[in-house]
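A closer look at the structure
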Amino acid sequence: MEMERAMSDVIVILGVAALIGWVIVRQLRGEPLRAKRVVVLPAVLAGYAIVSLNGQHGVGIADVCCLAASAAMAGLIGAGQGLVMRLENRNGGLWGQLPGRGLWLWAALLASRILVTVVAVAIGAHVATSTDSIILALGINRLAQAGVIGLRAMAAGIPFAPEQDRHNGRFGEV
């Protein structure tokens, strides 16, 4: 049973690492920023993690403190990512690109998770070291970035790029 859980955790961590790699590559290349991709995926990640963490047994005050610290750091780093993102109006919609210096913020996110994990292990906050806590931090990070991007785009009067209609490859409302 313990071996199955460990293998499951490894698969989740590899999946999260692949997702992060995909996000970083897309951000560095630059792309149209659509509301669904910028907001919905992070909200789903954070929601899933919250539900999963809520269902775990033995959540103590140390876990809650570590999760709160992790969420705060992830949110601040995400806000920073949203601030450094280059935004412009292309073809009537929002387009964004993370400059190379934005990779330091991704490194800071990783370092913050390592720090929280080390502290959590030291104080016995095992729930805060779970894969669900990693997914929560990532979801909060992406939501914070989305919030800052959304505010910056509204201030500049640039709407999100239109959603792509997957059925015929045209853009429009979905």
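Residues numbered from 1 in each chain as written. Predicted model: local features only at pLDDT ≥ 70, side-chain atom pairs only at ≥ 80, totals over all residues. Heavy atoms only, no water.

1. Remarks on the packing of aromatic side chains
- The tally for this structure, following the rule as stated, stands at zero aromatic pairs.
- Of note, Arg90 hangs over the ring of Trp95, and the distance from its end group to the ring centre comes to 3.5 Å. (Phe/Tyr/Trp six-rings, centres within 6.5 Å; stacked < 30°, edge-to-face > 60°. Lys NZ or Arg CZ within 6 Å of the ring centre and 35° of its normal.)

2. A word on the packing of helix 3 (residues 61–84) against helix 4 (residues 103–123)
- Here helix 3 crosses helix 4 at 175°, and the two axes come no closer than 10 Å. The angle between helix 3 and helix 4 places the two elements in the roughly antiparallel class. Residues Ala62, Cys66, Ser70, Met73, Ala74, Ile77, Gly80, Gln81 and Val84 of helix 3 lie in contact with helix 4, whose contacting residues are Leu105, Trp106, Ala108, Leu109, Ser112, Arg113, Val116, Val119, Ala120 and Ile123.
- For the contact of helix 3 with helix 4, the residue count by class is 14 nonpolar, four polar and one charged. (Axes fitted to C-alpha atoms, helices over the stretch in contact; angles between N-to-C directions. Helix = DSSP H or I, 4+ residues; strand = E, 2+ residues; numbered from the N terminus. Parallel < 35°, antiparallel > 145°, perpendicular 65-115°, else oblique. Contact = heavy atoms within 4.5 Å. Nonpolar A, V, L, I, M, F, W, Y, C, P; charged D, E, K, R; others polar.)

3. As for helix 2 (residues 35–54)
- The terminal C-alpha atoms of helix 2 lie 28 Å apart, and with 20 residues this matches the ideal 28 Å at 1.5 Å per residue to within 8%.
- For helix 2, the complete set of buried residues consists of Val38, Pro42, Leu45, Ala46, Ala49, Ser52 and Leu53. The buried residues of helix 2 occupy one face: seen down the axis, they fall within an arc of 130°. Turned more than 90 degrees away from the buried face of helix 2 sit Val44, Val51 and Asn54, all of them exposed. (Expected span 1.5 Å × (residues − 1). Buried < 20%, exposed > 50% of the residue type's maximum accessible area, 1.4 Å probe, protein only. Arc of directions from axis to C-beta.)

4. Focus on the confidence of the model for the protein chain
- This prediction gives the protein chain a mean pLDDT of 90; 92% of its residues lie at or above 70.
- Ranking the elements of the protein chain by mean pLDDT puts helix 1 (residues 2–29) last, at 84, and helix 3 first, at 97.
- A low-confidence stretch, residues 170–174 stays under pLDDT 50, and its non-local contacts, those more than four residues away or across chains, total 12 contacts. (pLDDT = per-residue confidence, 0-100.)

5. Let's talk about helix 5 (residues 131–156)
- With 26 residues, helix 5 extends 38 Å between its outermost C-alpha atoms, agreeing within 8% with the 38 Å of an ideal straight helix rising 1.5 Å per residue.
- One or two residues past the end of helix 5 sits Gly157, with phi positive at roughly 75°.

6. Observations concerning the environment of Met85
- Summarising the element assignment, Met85 is placed in the loop between helix 3 and strand 2 (86–90).
- For the pair Met85 and Tyr48, spaced 37 residues apart in the sequence, the C-alpha separation amounts to 27 Å.
- Apart from the residues lying within four places of it in its own chain, the contact partners of Met85 are Gln27, Gly96, Gln97, Leu98, Pro99, Gln145, Ile149 and Arg152.

7. Considerations on the nonpolar core
- Cys66, Leu94, Trp106 and Ala128 are the most contacted members of the largest nonpolar core, which has 32 residues in total.
- Looking at this core, the elements that each hand over two or more residues are helix 1, helix 2, helix 3, helix 4 and helix 5.
- Looking at which element gives the most residues to this core, the answer is helix 5, with seven residues.
- Ignoring sequence-local partners within four residues, the contact set of Trp106 consists of Ile20, Val23, Ile24, Gln27, Gln81, Leu98, Leu138, Asn141 and Arg142. (Core = buried A, V, L, I, M, F, W, Y, C linked by side-chain atoms within 4.5 Å.)

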